[in-house]
Amino acid sequence: MADWIFHLLNFALAALMYSLLGRIVLTAWLGGGSGHFIQRAFVRLTDPAIAAVRLVTPASVPAGLLLAFTLIWLIIVRVALVAGFASAGLLTMKAG
């Protein structure tokens, strides 16, 4: 039963992580003030995660670096999720 919870959380974190990576690439390519639809969608999707990281990050950190910090934190959370489920014995690895 815990397998689907793990996979759902891992998928949501991966989707957020790759959306943030897309935002970083589009911001570098198009610029920060671009009004393209897809860039606005990435911004709207990733702003809550960036706001959470902004709470624990000093105000002197520039916005571009804050995006990188958010990506690093998401990677850390995904690794901690795998480690936590595996150490609790809730993550089963099935060979094909």
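What you are looking at is a predicted structure, and each value in this text was computed from that prediction instead of being measured.

### Digging into the layout of surface pockets
Here comes step 1: What the largest pocket holds in volume is close to 190 Å³.
Here comes step 2: Arg23, Thr27, Gly32, Val43 and Leu67 are, among the 13 residues lining the largest pocket, the residues nearest its centre.
Here comes step 3: Here the lining of the largest pocket takes five residues from helix α2 (residues 37-56), the largest share from any one element.

### Considering the packing of aromatic side chains
Here comes step 1: Counted according to the given criterion, the structure contains one aromatic pair.
Here comes step 2: Ring geometry for Phe6 and Phe85: centres 5.4 Å apart, planes at 50°, overall tilted. You can see Phe6 sitting in helix α1 (residues 2-30) and its partner Phe85 sitting in helix α3 (residues 63-87), a full 79 residues away along the chain.
Here comes step 3: For Phe6, a relative accessible area of 5% corresponds to the buried category.

### Side note on a nonpolar patch on the surface
Here comes step 1: A contiguous nonpolar patch, built from Leu55, Val56, Leu65, Phe69, Ile72, Trp73 and Ile76 and spanning about 720 Å² of accessible area, is present on the exposed surface.
Here comes step 2: Contributing elements (two or more residues each) for the nonpolar patch: α2 and α3.
Here comes step 3: Sorting elements by how many residues they give to the nonpolar patch places α3 first, with five residues.
Here comes step 4: One can find Ile72 in helix α3.

### Let's talk about the pattern of salt bridges
Here comes step 1: One pass over the structure, following the stated rule, counts one salt bridge.
Here comes step 2: The partner of Asp47 in a salt bridge is Arg23, with the nearest N and O atoms 2.9 Å apart. Of this pair, Asp47 sits in helix α2 while Arg23 sits in helix α1, and the two are 24 residues apart along the sequence.
Here comes step 3: Residue Asp47 is classed as partly exposed on the basis of its relative accessible area of 35%.
Here comes step 4: Judged by its relative accessible area of 12%, Arg23 is buried.

### Re the packing of α2 against α3
Here comes step 1: Two numbers describe how α2 lies on α3: the axes approach to 9 Å, and their chain directions differ by 95°. Classified by the angle their axes make, α2 and α3 are roughly perpendicular. In contact with Ala49, Ile50, Val53 and Arg54 of α2, α3 contributes Leu66, Leu67, Phe69, Thr70 and Trp73.
Here comes step 2: Residues belonging to the contact of α2 with α3 are distributed by class as follows: seven nonpolar, one polar and one charged.

Cut-offs used in this document
- Residues numbered from 1 in each chain as written.
- Predicted model: local features only at pLDDT ≥ 70, side-chain atom pairs only at ≥ 80, totals over all residues.
- Heavy atoms only, no water.
- 1 Å grid on protein atoms, 1.4 Å probe; cavity = no way out; pocket = protein on both sides within 12 Å on 5 of 7 lines; lining within 4 Å.
- Points joined across faces, edges and corners; volume = space filled by probe spheres on them.
- Helix = DSSP H or I, 4+ residues; strand = E, 2+ residues; numbered from the N terminus.
- Phe/Tyr/Trp six-rings, centres within 6.5 Å; stacked < 30°, edge-to-face > 60°.
- Buried < 20%, exposed > 50% of the residue type's maximum accessible area, 1.4 Å probe, protein only.
- Patch = residues over 30% accessible without salt bridge, like charges linked within 9 Å, V, L, I, M, F, W, Y side chains within 5 Å.
- Areas by Shrake-Rupley, 256 points an atom, 1.4 Å probe, with all protein chains shown as cover.
- Salt bridge = Lys/Arg side-chain N within 4 Å of Asp/Glu carboxyl O.
- Axes fitted to C-alpha atoms, helices over the stretch in contact; angles between N-to-C directions.
- Parallel < 35°, antiparallel > 145°, perpendicular 65-115°, else oblique.
- Contact = heavy atoms within 4.5 Å.
- Nonpolar A, V, L, I, M, F, W, Y, C, P; charged D, E, K, R; others polar.

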